[in-house]
Amino acid sequence: YFIVINKEFFIFYKNMHKINVLAFGSKNFNTSLEELKDYLNFKLTITNDNLDNQSFENYDVLFIHEDYLKDSLIRKELLQKSNKIKILASNSNNIVSNIFNDILSLPTQVKDLNTVIENSVIKKSFSQNSSIKIKNYILDKNEKKLIKDQDYILLTEKEIQLLELFLGKTRSISKNKILEKVWKYSTEADTHTVETHIYRLRKKIKLKFSDNSFILNDKNGYLLWKNEIKLL
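How each quantity is defined
- Residues numbered from 1 in each chain as written.
- Predicted model: local features only at pLDDT ≥ 70, side-chain atom pairs only at ≥ 80, totals over all residues.
- Heavy atoms only, no water.
- Helix = DSSP H or I, 4+ residues; strand = E, 2+ residues; numbered from the N terminus.
- Buried < 20%, exposed > 50% of the residue type's maximum accessible area, 1.4 Å probe, protein only.
- Pairing = 2+ DSSP bridges.
- Right-handed = clockwise from strand over helix to strand, strands pointing away.
- Axes fitted to C-alpha atoms, helices over the stretch in contact; angles between N-to-C directions.

Honestly, unusual backbone geometry in this entry has me stumped. Any pointers?
The bulk of non-glycine residues show a negative phi, and the bulk of peptide bonds are trans. In this model, L106 is joined to P107 through a cis peptide bond whose omega is -5 degrees. If you trace the backbone, P107 turns up in the loop between strand 6 (102-105) and strand 7 (108-109). We note that K135 has phi near 55 degrees; this positive angle belongs to a residue other than glycine. Counting through the fold element by element, K135 comes out in the loop between strand 8 (131-134) and strand 9 (137-140). One non-glycine residue, S210, lies in positive phi territory at about 55 degrees.

Quick look at the structure:
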């Protein structure tokens, strides 16, 4: 009913980190999944219970059969409110929905199920860690840009590493510590490299955004303005 097992393509990683997946749907869907547990690269929990957002709390991925959503606006709204990764298993080729991160067409193979689950987690993790809010700016590590409103400046790899080093720090970082962390220099190394890079970065920010206080300094070193910093 659900998945064709092709052992030629199956690799089972006993020691890999387990992704927690909660699956729910039709009776046949749940039964088929139960039979496949030993072939999956993730930790699977199957439920027939009534669900709410609290039920999703301990899971990375929600794997939903399309039957679960039939004629139920309440269930669709529940999924829309969840920030978990959501994957739809569907026998239809014409499903379009912004509720789901991915759609797995049925019937499928175990390797494809493993792949779509693992890739969805990787993509979400990559997305979360590639864009960082700093003050009124967005640091886009993929594009190597510091963005504010519709304007941006391009950053070098070292400038990105500098900004990442400052993130979450409430105290200034010494020039020697910056050398150690960003350039992997010893504490005896010349700190002129740090001064030059920070001067150039400050200048770029000032010219583009007229911001003189993005990177501050005191007698102990450099720091960012103390404001909320969070991953997007």
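Sorry if this is basic, but what is going on with the pairing of strand 2 (residues 20-24) here?
The side chains of a regular strand alternate, first on one face of the sheet and then on the other. Among the five residues of strand 2, four are classified as buried, and the element is accordingly described as predominantly covered. Bridge analysis of strand 2 against strand 3 (residues 43-46) gives four bridges, and the strand direction is parallel. Looking at strand 3, one finds that V21 is bridged to L44. Taken together, strand 2, helix 1 (residues 27-35) and strand 3 constitute a β-α-β crossover, and its handedness is right-handed. As judged from the four bridges shared by strand 2 and strand 4 (residues 61-65), these two strands associate in the parallel manner. Among the inter-strand pairings, A23 is bridged to a residue of strand 4, identified as F63.

Can you help me understand the pairing of strand 4 in this one?
Taken across its five residues, strand 4 has five buried, putting it largely inside the fold. With burial as the criterion, each face of strand 4 is covered, one bearing V61, F63 and H65 and the other bearing L62 and I64. The pairing of strand 4 with strand 5 (residues 85-90) spans five bridges and is parallel. Considered in strand 5, the bridge of F63 is made with I87. Note on the crossover from strand 4 through helix 2 (residues 73-81) to strand 5: the handedness is right-handed.

Looking at this structure, I do not really get the sheet that holds strand 5. What am I missing?
Two orientations exist for strands paired in a sheet by backbone hydrogen bonds: parallel and antiparallel. Pairing is parallel across the open sheet formed by five strands, whose spatial order is 3-2-4-5-6. Looking at strand neighbours, the two that pair on one side only are strand 3 and strand 6, the edges of this open sheet. Between one strand and the next, the sheet's axes are offset by a mean angle of 25 degrees, whatever the strand orientation. One ladder, built from four bridges, connects strand 5 with strand 6; its direction is parallel. Looking at the pairing, L88 lines up with I103 of strand 6.

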